[in-house]
Amino acid sequence: MDTNPHAPKHQLTMSLLMTPDMANFAGNVHGGAILKLLDQVAYACASRYAARYVVTLSVDQVMFLEAIHVGEIVTFLASINHTGRSSMEVGIKVVAEDIRSQARRHVNSCFLTMVAVDDAGRPTAVPPWQPTTDEEIRRNDAARLRRELRQELAARFAATRRAPQA
Ligand SMILES: CC(C)(COP(=O)(O)OP(=O)(O)OC[C@H]1O[C@@H](n2cnc3c(N)ncnc32)[C@H](O)[C@@H]1OP(=O)(O)O)[C@@H](O)C(=O)NCCC(=O)NCCS
């Protein structure tokens, strides 16, 4: 994991060798192994940014674009895209590198929402994230849209549970 003290507080990078114990029945890296790593990277990125313990609220839009092979080096590039009062959206881009050819492939992208909590497990405020570069502003806008869609989806499902049965 990136422990560079000068790295921006809203970003984090982790590189890992894909070992045979991570393989599925087809011999490629198990999707579940990648999901666990994504959660760990999101935890590290969000808790370091907020200087708080955080919990995972949701994992959205996980796209396994290509298989990841045992023996490849996989790099997780995480950044805070958006903050609410207590929640943070962490975007993670996953790049796999073939050691011999050094070819790099974008194999996965996903968005996790992490919530900062206090010692009693109650949501607690995080420092507001202010995007500055064009890239950060674009990611922030997209994260806002995803947050609205998540909230709308949650409200609509809640309404179906309240609706009287026919
Ligand atoms: C995450 C958790 C603390 C939120 O608790 P809560 O009672 O919903 O708290 P709040 O209503 O204050 O919401 C906290 C934040 O989550 C967001 N949130 C909660 N439910 C949401 C939903 N369905 N969709 C989108 N955002 C949601 C809120 O908007 C709020 O964000 P904000 O402060 O930035 O505006 C609580 O749901 C929890 O502890 N979940 C379990 C987490 C966990 O154990 N994860 C690991 C799973 S193994």
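In case you missed it, the structure is sitting above this.
To keep things clear, this report deals only with the structure shown in the data block.

About the thresholds
- Residues numbered from 1 in each chain as written.
- Predicted model: local features only at pLDDT ≥ 70, side-chain atom pairs only at ≥ 80, totals over all residues.
- Pairing = 2+ DSSP bridges.
- Helix = DSSP H or I, 4+ residues; strand = E, 2+ residues; numbered from the N terminus.
- Core = buried A, V, L, I, M, F, W, Y, C linked by C-beta atoms within 7 Å.
- Buried ≥ 20, exposed ≤ 12 C-beta atoms within 10 Å, placed from the backbone.
- Contact = placed C-beta atoms within 7 Å.

## Topic: the pairing of strand β5 (residues 104–117)
Link 1 in the chain: Here strand β2 (residues 53–64) pairs with β5 via nine bridges, running antiparallel. What sits directly across from serine 58, in β5, is threonine 113.
Link 2 in the chain: Hairpin connection of strand β4 (residues 87–97) to β5: six residues between the antiparallel strands, including glutamine 102 at a positive phi of 60 degrees.

## Some thoughts on the nonpolar core
Link 1 in the chain: Ranked by size, the top nonpolar core spans 32 residues in total, and within it Val41, Ala42, Cys45, Ala46, Val90 and Ile92 carry the most contacts.
Link 2 in the chain: It is helix α1 (residues 31–50) that provides the largest number of residues to this core, a total of nine residues.
Link 3 in the chain: Residues within four places of alanine 46 in sequence aside, it is in contact with Val54, Ile80, Met88, Val90 and Met114.

## Thoughts on the environment of arginine 104
Link 1 in the chain: Structurally, arginine 104 is set in strand β5.
Link 2 in the chain: Its 13 C-beta neighbours within 10 Å are what place arginine 104 among the partly exposed residues.
Link 3 in the chain: Residues arginine 104 and threonine 133, 29 residues apart in the sequence, show an inter-C-alpha distance of 25 Å.
Link 4 in the chain: Beyond its immediate chain neighbours, meaning those up to four positions away, arginine 104 contacts Val95 and Glu97.

## A short note on the environment of lysine 9
Link 1 in the chain: With respect to the helices and strands, lysine 9 occurs in the segment before β1 (11–17).
Link 2 in the chain: Distance in space between the C-alpha atoms of lysine 9 and cysteine 45 is 8.0 Å, their sequence separation being 36 residues.
Link 3 in the chain: Residues contacting lysine 9, with those up to four places away along its chain left out, are Arg48 and Tyr49.

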